[in-house]
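# Residue-level structural notes
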Amino acid sequence: MRAVSFKRVVLIAGCVGLLLYLGMFLRTGHEAGERTGRQLDPDRAVGSFSNLERSLNNLTKILRGFERRQDVMQKILEEDRDTQRKVADVLQQAMQIRVGQKEQQHEDAPAPQKKSNKLFPNSPLFKDWGQNLSEDEQKEAQALFEKYGYNVFLSDRLPLDRPLPDTREKGCLKRTYEKDLPTVGVVLIYLNEALSILKRALRSIIDRTPKRLLKEIIMVDDNSSNENLKGDLDAYIKSLEEENPGLRITRVRHTEQKGLAFARASGWRAATADVVAILDAHIEVHELWAEPLLTQIKADRTTVVSPVFDRVNFDDLKVIQYLPAAHAFDWALWCMYEGFAPDYYKHNDSSRPGKSPSVMGILVADRKFLGEIGVLDEGMKIYGGENVELGIRVWTCGGSVEVVPCSKIAHIERFHKPYMPDLTPAMKRNALRVAEIWMDEYKHNINLAWNIPFENHGIDIGDVSERKKLRERLNCKPFKWYLDNVYPKLDPWDNLLAYGALKNLDSELCVDQGPVPGDTPISYDCHYYGPQMAYYRQTGEMYIGGIKSHKYNDNRCLTDRGEKKTEPGLFNCKEAMQKGMGIYWDFTQGKELKNRQTKRCLEMVNRVLVIQECTGQRWKIQNLIKDF
Ligand SMILES: [Mn+2]
């Protein structure tokens, strides 16, 4: 579990189907607080984080962090638009779901105490929910939560056809859609989903999709083991079929877990409608979810579209409005929300579909077109990366990807996923696969982002020959075209010269980002993890402690603070430049590290980093990308 030991909070991973708050807790001795010895004992540094409870707490923090970040994102987006309906209104309209706080009690039952005994004070489920449950109810709710990652206890007690708040953009209310639209087949992928959640998804799809448009529902079971997903679900589906004779409900069952990409593709294979909507099963669709998507696809069959997801809280199952945003990713291929391209906002109409670099996982596409361009890469394992692969493939092979604000789906953001405890290995492997097939001369950026050696990394990415042939056959554009035209916000990292730990050859110590927050790099025994990762640009910047994937994010530059100051600095590069500090360094592997502006050098005196007159101390950066 070494990879889990360092704090690099990988925030977003907001991919639907895999909403995952996965953190790698990169902690060094100094960050963890006390540092008693010079020697970094890896077991010690990691040890304090190895206990499960601590990890869970960290996960909670990351979850909160994600929510905060999402909230910030929402605010930024909000500023860009003239939206009169306030989020608050929507929240007010939102379902008042308080089963745990129901007032009616049996006469003879003791009235709920304000201080009811909290059996699971540390459980995220009970942080903001379930204050007045009896002890037995708490036990039941907690057990279900641990199994599913969301509040099944509550879900089992809510109506299957509960109303959802109308969270659409104002402009959507005026839009009308023609009657003659392509038919849709909805594919629901699930693995040990709670029965009531699955039923509610089906109910909402049937109730909120016009009968003439909803041709079929395809249920793909990726080898669930839950007993009630057999007989009980069968019975419910039978009742739906009787109620809706014109609707085809198809079952696809895998006898082993195939992973998201394969499961989704198997749903596509079973479909017959004009359009396929490949959704998660822990969703509820809003009224008028299908028409805006089908309209876009009717206008251009090469457009792959995604609705906007609202968040359904994992604890109280309330619906929280999310504003439309592009589905983006970083070089590790974690997904994230991002504003649309600047042009989008010139129209001042937040109900307009916006172009997006990728999809988060849920996708709606012309069935045949999706087949023509290769559906999904079924060589992807378990989870992760397949959504980015689709985005790149659609764009470079002749189509486009859009997020459609007037189509809304409420999606439960699970607290944890049933697939496996640590999805990082699958993410990494799938990302390398995307790189190998699609990223041409940029493919090593994936290695950089994951800190994987360029060669001989020993990770098996499977057979890519078929997918490479597909790319050739479809005559897809180069990845550079995608970066230049579709996703210019992604920093191409094309002028990086070297990366890895920056070691002083005279003292054998490494440069480390030092305490965070803080602005002073320090020397430290070389351990080669995140806080010591340095990146040297051809332009002369030396980043310490990481590199950002997006141009809109600033990196932290090693800085000569100037004047008489001898302590090196670590500042956001733009800020340091504005303050007139020197951020450009002349450096040759195995030689001195000299600031271009001040002509002083980064050196080590008594194991302490200083900026001083150059005395010829030598530095080496771990890995060269290009000779320099
Ligand atoms: Mn999901």
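One structure accompanies this document, and this report is about it. This structure is a prediction, so every number in the text was calculated from the model and none was measured. (Residues numbered from 1 in each chain as written. Predicted model: local features only at pLDDT ≥ 70, side-chain atom pairs only at ≥ 80, totals over all residues.)

## Considering the packing of helix H13 (residues 386-396) against helix H14 (residues 424-438)
It is at 9 Å that the axes of H13 and H14 come closest, and there the two elements cross at 15 degrees. For the element pair H13 / H14, the angle class is roughly parallel. By crossing handedness, the relation of H13 to H14 is classed as right-handed. Contacts from Glu386, Val388, Glu389, Ile392 and Arg393 in H13 reach Asn430, Val434 and Trp438 in H14. Each residue belonging to the contact of H13 with H14 can be placed in one class, and the counts come to 4 nonpolar, 1 polar and 3 charged. (Axes fitted to C-alpha atoms, helices over the stretch in contact; angles between N-to-C directions. Helix = DSSP H or I, 4+ residues; strand = E, 2+ residues; numbered from the N terminus. Parallel < 35°, antiparallel > 145°, perpendicular 65-115°, else oblique. Left-handed = near helix turned anticlockwise from the far one by under 90°. Contact = placed C-beta atoms within 7 Å. Nonpolar A, V, L, I, M, F, W, Y, C, P; charged D, E, K, R; others polar.)

## Considering the nonpolar core
In this structure, Val187, Leu188, Val276 and Ala534 are the most contacted members of the largest nonpolar core, which totals 159 residues. Per-element tally for this core: the top contributor is H14, with 8 residues. In contact with Leu188, other than residues within four places in its own chain, are Ala201, Ile217, Met219, Val220, Leu279 and Ala281. (Core = buried A, V, L, I, M, F, W, Y, C linked by C-beta atoms within 7 Å. Buried ≥ 20, exposed ≤ 12 C-beta atoms within 10 Å, placed from the backbone.)

## Examining the environment of Leu133
Within the secondary structure, Leu133 sits in the loop between helix H4 (87-93) and helix H5 (135-148). The buried category is assigned to Leu133, around which 23 C-beta atoms lie within 10 Å. Sequence-wise, Leu133 and Asn117 are 16 residues apart; in three dimensions their C-alpha atoms are separated by 9.0 Å.

## Topic: H13
Given 3.6 residues per turn, any residue in an α-helix points the same way as the ones three and four places further on. Most of H13 is tucked away: 11 of the 11 residues are buried. Of the residues making up H13, those classed as buried are Glu386, Asn387, Val388, Glu389, Leu390, Gly391, Ile392, Arg393, Val394, Trp395 and Thr396. A positive backbone phi angle near 110 degrees is found at Gly398, which sits one or two residues after H13.

## What to know about the environment of Arg600
Within the element layout of this structure, Arg600 appears in the loop between strand S23 (593-595) and strand S24 (601-605). Judged by the 19 C-beta atoms lying within 10 Å of it, Arg600 is partly exposed. Taking the C-alpha atoms as reference points, Arg600 and Cys614, separated by 14 residues in sequence, lie 5.8 Å from one another. With residues near it in sequence (within four places) discarded, Arg600 still touches Asp560, Asn595, Ile611, Gln612, Glu613 and Cys614.

## Some details on the pairing of strand S18 (residues 533-537)
Summarising burial for S18: 5 of the 5 residues are buried, a large majority. Of the two faces of S18, the one carrying Met533, Tyr535 and Arg537 and the one carrying Ala534 and Tyr536 are both buried. The pairing of strand S15 (residues 496-504) with S18 spans 5 bridges and is classified as antiparallel. The residue bridging Ala501 from the neighbouring strand is Met533, located in S18. Where S18 and strand S19 (residues 542-544) come together, 3 bridges link them in antiparallel fashion. Residue pairing in the sheet places Tyr535 in a bridge with Tyr543 of S19. With antiparallel pairing between neighbouring strands as the criterion, S18 and S19 make up a hairpin whose turn holds 4 residues, including Gly540 at a positive phi of roughly 110 degrees. (Pairing = 2+ DSSP bridges.)

## Some details on unusual backbone geometry
Look at the link from Val516 to Pro517: it is a cis peptide, with omega at 0 degrees. Along the chain, Pro517 falls in the loop between strand S16 (509-512) and strand S17 (522-525). A positive phi angle, close to 60 degrees, is found at Leu317, a residue other than glycine. Even without being glycine, Arg607 reaches a positive phi, approximately 65 degrees.

## Observations regarding the packing of helix H7 (residues 195-208) against helix H8 (residues 231-243)
Relative to each other, H7 and H8 sit at 15 degrees, their axes nearing to 11 Å. What the angle tells us is that H7 and H8 run roughly parallel. For the pair H7 and H8, the crossing hand works out as right-handed. Residues Leu195, Leu198, Lys199, Leu202 and Ile206 of H7 touch H8, and the partners they reach there are Asp232, Leu233, Tyr236 and Leu240.

## Looking at the pairing of strand S6 (residues 275-280)
Within a regular strand, the side chains alternate between the two sheet faces. With respect to burial, S6 is a largely interior element, 6 of its 6 residues being buried. Alternating residues of S6 divide into Val275, Ala277 and Leu279 and Val276, Ile278 and Asp280, and every residue in both groups is buried. In this structure, strand S3 (residues 184-190) lies alongside S6, joined through 6 bridges in parallel fashion. Among the inter-strand pairings, Ile189 is bridged to a residue of S6, identified as Asp280. Where S6 lies against strand S13 (residues 363-366), 4 bridges are found, and the strand directions are antiparallel. Directly across from Val276, in S13, lies its bridge partner Ala365.

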